[in-house]
Number of protein chains: 2
Amino acid sequence: MKLVLILILNSVLGLAFEGQVIKKEFVLPSFKTVNGEIISPVKIGYENYGKLNADKSNVILVTHYFSGTSHAAGKYKETDLAPGYWDAIIGPGKALDTDKYFIISSDTLVNLTPYDPNTITTGPASINPKTKKKYGMSFPVVSVRDFVEVQRALLDSLDIKKLYAVVGASGGAAQAMEWAAAYPDDVAKVISVIGPGLALHPYTIALLNIWSAPIQLDPKWKGGKYEKNDQPLAGIAESLKLITWSCTSFEWAAELAKVSPPPLKSPLSSHEQLTAIEAAMNKRASDRAKNVDANSLLYMAKAMENFNMEEGAQKIKAEVLFVPAEKDLLFPPSLSESAAKKLCSLGKSAEVSVMKTDGGHLDGITKISEASKVMSQFLERKIGSGKGCK
Amino acid sequence: MKLVLILILNSVLGLAFEGQVIKKEFVLPSFKTVNGEIISPVKIGYENYGKLNADKSNVILVTHYFSGTSHAAGKYKETDLAPGYWDAIIGPGKALDTDKYFIISSDTLVNLTPYDPNTITTGPASINPKTKKKYGMSFPVVSVRDFVEVQRALLDSLDIKKLYAVVGASGGAAQAMEWAAAYPDDVAKVISVIGPGLALHPYTIALLNIWSAPIQLDPKWKGGKYEKNDQPLAGIAESLKLITWSCTSFEWAAELAKVSPPPLKSPLSSHEQLTAIEAAMNKRASDRAKNVDANSLLYMAKAMENFNMEEGAQKIKAEVLFVPAEKDLLFPPSLSESAAKKLCSLGKSAEVSVMKTDGGHLDGITKISEASKVMSQFLERKIGSGKGCK
């Protein structure tokens, strides 16, 4: 009763509440990309949940997906409409058990939503200290490996050398795999949720190229030289609509069409009169567009397109669990299965557990609790006891 | 020997050769759309192969796909690089056997390639006789049913009342189904190759909306008021790239990436440096863009999005064969299977034969010979002897 009163009071006053999450900033004065270009400074945000143990052996790094941020669990304010994206599996007694693990969730470079007050990132929307202007398309091209190196620097700053696990969804899964190849002796386990496998497939590379196209066609893009308050919103919205389409499924769309308001007139009455699903998809996309920086989307797509560790795979020592979603059309389960097969053929430990859900790629976020048990078991299993490759 | 000499001579002189195909024009002085709008005149092209029998009972209508034309078989000139798109199954002794059937292949309204000298169509690129200017976006919105009604008028002009079969791929399959619902007593058989089933699925409606977006974002589109020689080519190319992507598969892209020239520099070296698959997809798309009219693509997408005969299905009397392609991501086999199930539940005759190919939707064109036998057997089977629904 007393606790409840305190929490209500704190909420009203905007003070800390139980389980409150705080976004922290990590600053690296200077960072050299894989390509040899210098970005100075680099700032990224991170959050942490749970407690670091004495020998620092309980650290799990969570890496985020294409349009995500490091806000993986909990709330910043009690009044937040929703908690972090993986709140269903991060917390006391959950798969990523904060009673056992110290979980760090890290932002990446070139985050899509730099104008969101809770995002801390460095990318094309950042000010270049040399010119005092926005980098725009003069920002260096970065890669998933660069994301990893910045995270490494973040962990170094916290004096953390070893990761019990790296866990990520989609683009975050790419980072997790890259971590295991970049620092094989420092990563014990990897969970690739709805991940691309060991490299972006050419079919998906082509799609990411197509994701970027609407922005570049929008005259307001201006080769990337738009003002912050005069963004190519139409292009961004079309990109986001295509991204949502790519990340969902036939079943998802059928459901959305069913619950969306029917068109006022026949969609054949004019070009402007849309069907229910079109109107619903447009609304979602334009609502989200406001938070996205156009150039950042292009940079993130470029980074993901070039994720390729077919060679790096040989270095991996971590045990790997792949958790694809059955109806995923972006990274279908077959990609995880062939990646596991490859790792097994290289003498590594890899296994696949398919989420039996029907919403497509997004289920790796929205229905992640379906994978809770398999992720928990994989994490709790003693290192080296895996029977990954049968 | 004599024949060969004549053919060579004819070829040199540009005269007729054996099996030469001639595009014909059908003119309808005035046409009223389903929406009640008048288009005057309407012209469409058609081709025919084989001979009409005495009682006119051997007619097969072939209806074309989204970006296709009525050029389904044979060549116009001996020097043509390729024959019509379904030449593998149309001809003497082939599935659509010209020794038995009289095959008419018809253009539709709003064909995508009105500037191709071999396309005859009426659409937004046509001149509105009232204004003496291009219709542009003032052309009436048309539907698949309108395509069918124009074809009906064409057949009436040839004094053909009954169709032994209507056969089409993809958008052509939608027309074939619509024919069977519109004129149930006049259509004995339907083959829906890589078709949408009985209606465009909301997931695919959303995709067709997205196909249209790049054109509308291109500043050269100008709300449809571009000049013929100043088209929004960048937007068209992006639309076509996405269409090709939608109509292929992971396996197709892997193959294309393998045979495409590798990038000169690392794709991470700059935003302009593309991966092999991106460069290959861009080249294909921009090569094709020249032949496409931007507004026509929007009209065709609108027509297809609104294909829906969930109700019309009850009227069908034709026996229906669905031939989906196994790796089709646009209209997966499950759509054909549920359509067949629905028809069977309504007491109709429907069956499904899946093409075991790996290229995706396009296989319904490029690998159609795989379905040759099943199509031939279905067509040769006596009407009413089908065991469609088991």
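## Topic: the confidence of the model for chain A
Residue and element names in this part refer to chain A.
Thought 1: When pLDDT is averaged along chain A, the result is 95; 95% of the residues meet or exceed 70.
Thought 2: Within the model, the stretch residues 1–7 combines pLDDT values under 50 with 4 contacts to residues more than four positions away or in other chains.
Thought 3: Interface scoring of the predicted complex returns ipTM 0.94; its pTM is 0.95.

## Brief notes about the packing of helix α4 (residues 202–217) of chain A against helix α5 (residues 233–246) of chain A
Residues and elements named next belong to chain A.
Thought 1: Two numbers describe how α4 lies on α5: the axes approach to 6 Å, and their chain directions differ by 155°. In terms of orientation, α4 and α5 fall into the roughly antiparallel class. Only Gly235, Ile236, Glu238, Ser239, Leu242, Ile243 and Ser246 of α5 make contact with α4, whose side of the interface consists of Leu207, Ile210, Trp211, Pro214 and Ile215.
Thought 2: Among the residues forming the contact of α4 with α5, the class breakdown is 8 nonpolar, 3 polar and 1 charged.

## Considering the packing of aromatic side chains
Thought 1: According to the stated counting rule, one finds 19 aromatic pairs over all chains in the structure shown.
Thought 2: Measuring from centroid to centroid gives 4.5 Å for A:Tyr203 and B:Trp245, while their planes differ by 15°, and the two rings are stacked. Here B:Trp245 lies in helix α5 (residues 233–246) and A:Tyr203 lies in helix α4, a pairing that spans two chains.
Thought 3: An aromatic cluster of at least three residues, connected via ring pairs, comprises A:Tyr203, A:Trp245, A:Phe250, B:Tyr203, B:Trp245 and B:Phe250.
Thought 4: A cation sits over an aromatic face here: A:Arg152 above A:Tyr183, 4.4 Å from the ring centre.
Thought 5: In this structure, B:Lys189 is placed above the aromatic ring of B:Phe378, and the distance from its NZ or CZ to the ring centre is 5.3 Å.

## Focus on the nonpolar core
Thought 1: Among the nonpolar cores identified, the biggest contains 178 residues, and A:Phe66, A:Met177, B:Phe66 and B:Met177 are the most heavily contacted of them.
Thought 2: Here B:Met177 is in contact with B:Val190, B:Ser192, B:Gly197, B:Leu198, B:Phe307, B:Met309, B:Ile316, B:Val320, B:Phe322 and B:Leu343, once residues within four sequence places are set aside.
Thought 3: Among the nonpolar cores identified, the runner-up in size contains 33 residues, and A:Ala169, A:Ile194, A:Ile368 and A:Met375 belong to it.

## With respect to the pattern of salt bridges
Thought 1: Throughout the structure, instances matching the rule amount to 48 salt bridges over all chains.
Thought 2: Among the ionic pairs, A:Asp156 bridges to A:Lys161, the shortest N-O distance being 3.2 Å.
Thought 3: A relative accessible area of 33% places A:Asp156 in the partly exposed class.
Thought 4: The shortest N-O distance in the salt bridge between B:Lys317 and B:Asp185 comes to 2.5 Å. Of this pair, B:Lys317 sits in the loop between α8 (294–305) and β13 (319–323) while B:Asp185 sits in the loop between α3 (171–182) and β12 (187–193), and the two are 132 residues apart along the sequence.
Thought 5: Judged by relative accessible area, which is 55%, B:Lys317 ranks as exposed.
Thought 6: Connected through shared salt-bridge partners, A:Arg152, A:Asp156, A:Lys161, A:Lys162 and A:Asp186 make up one network.

## Description of the sheet that holds strand β4 (residues 42–49) of chain B
Residues and elements named next belong to chain B.
Thought 1: The 8 strands lie next to each other as β1-β4-β8-β5-β11-β12-β13-β14, forming an open sheet whose pairing is mixed. The outermost strands of the open sheet, each flanked by one partner alone, are β1 (24–28) and β14 (350–352). Direction aside, the axes of adjacent strands within the sheet are offset by 20° on average.
Thought 2: As paired elements, β13 and β14 share 3 bridges and run parallel to each other. Bridging from a neighbouring strand, Phe322 pairs with Val352 of β14.
Thought 3: Helix α2 (residues 144–157) contacts β1, β4, β5 (59–63), β8 (102–106) and β11 (163–169) of the sheet and is inclined by roughly 105° relative to β1.
Thought 4: Its contacts with the sheet place α3 against β5, β11, β12 and β13, and it is angled at close to 150° to β11.

## Concerning the sheet that holds strand β12 (residues 187–193) of chain A
All names here are of chain A.
Thought 1: Pairing within the open sheet is mixed, and its 8 strands lie in the order β1-β4-β8-β5-β11-β12-β13-β14. Of all strands in the sheet, those bounded by a partner on one side alone are β1 (24–28) and β14 (350–352). Within the sheet, the average angular offset between the axes of one strand and its neighbour, ignoring direction, is 20°.
Thought 2: In this structure, strand β11 (residues 163–169) lies alongside β12, joined through 6 bridges in parallel fashion. In the strand pairing of β12, Gly168 is matched with Ser192.

## Re the relation of the copies chain A and chain B
Thought 1: The two copies are related by a screw operation: chain A maps onto chain B through 180° of rotation and 0.0 Å of translation along the axis, at an RMSD of 0.0 Å. Between the two chains, the operation in question is that of a two-fold axis.
Thought 2: Both copies contact each other with a shared surface, as 100% of the interface residues of chain A are interface residues in chain B too.

## Overview of the interface of chain A and chain B
Thought 1: Residue-level contacts link 53 residues of chain A with 53 residues of chain B.
Thought 2: For the pair chain A and chain B, the summed buried area comes to about 4,400 Å², and 72% of that belongs to carbon and sulfur atoms.
Thought 3: Between the two partners, chain A and chain B, sit 16 residue pairs in polar contact (both at pLDDT 80 or more).
Thought 4: Contributing elements (two or more residues each) for the side of chain A that touches chain B: α4, α5, α6 (250–259), α7 (276–289) and α8 (294–305) of chain A.
Thought 5: Here the residues of the side of chain A that touches chain B are counted per class, giving 31 nonpolar, 16 polar and 6 charged.

Basis of the calculations
- Residues numbered from 1 in each chain as written.
- Chains lettered and ligands numbered in written order.
- Predicted model: local features only at pLDDT ≥ 70, side-chain atom pairs only at ≥ 80, totals over all residues.
- Heavy atoms only, no water.
- pLDDT = per-residue confidence, 0-100.
- Contact = heavy atoms within 4.5 Å.
- Axes fitted to C-alpha atoms, helices over the stretch in contact; angles between N-to-C directions.
- Helix = DSSP H or I, 4+ residues; strand = E, 2+ residues; numbered from the N terminus.
- Parallel < 35°, antiparallel > 145°, perpendicular 65-115°, else oblique.
- Nonpolar A, V, L, I, M, F, W, Y, C, P; charged D, E, K, R; others polar.
- Phe/Tyr/Trp six-rings, centres within 6.5 Å; stacked < 30°, edge-to-face > 60°.
- Lys NZ or Arg CZ within 6 Å of the ring centre and 35° of its normal.
- Core = buried A, V, L, I, M, F, W, Y, C linked by side-chain atoms within 4.5 Å.
- Buried < 20%, exposed > 50% of the residue type's maximum accessible area, 1.4 Å probe, protein only.
- Salt bridge = Lys/Arg side-chain N within 4 Å of Asp/Glu carboxyl O.
- Pairing = 2+ DSSP bridges.
- Least-squares fit on C-alpha atoms with pLDDT ≥ 70 in both.
- Buried area = accessible area lost by both parts, 1.4 Å probe.
- Polar contact = N/O pair within 3.5 Å; in protein donor to acceptor, adjacent residues only side chain to side chain.

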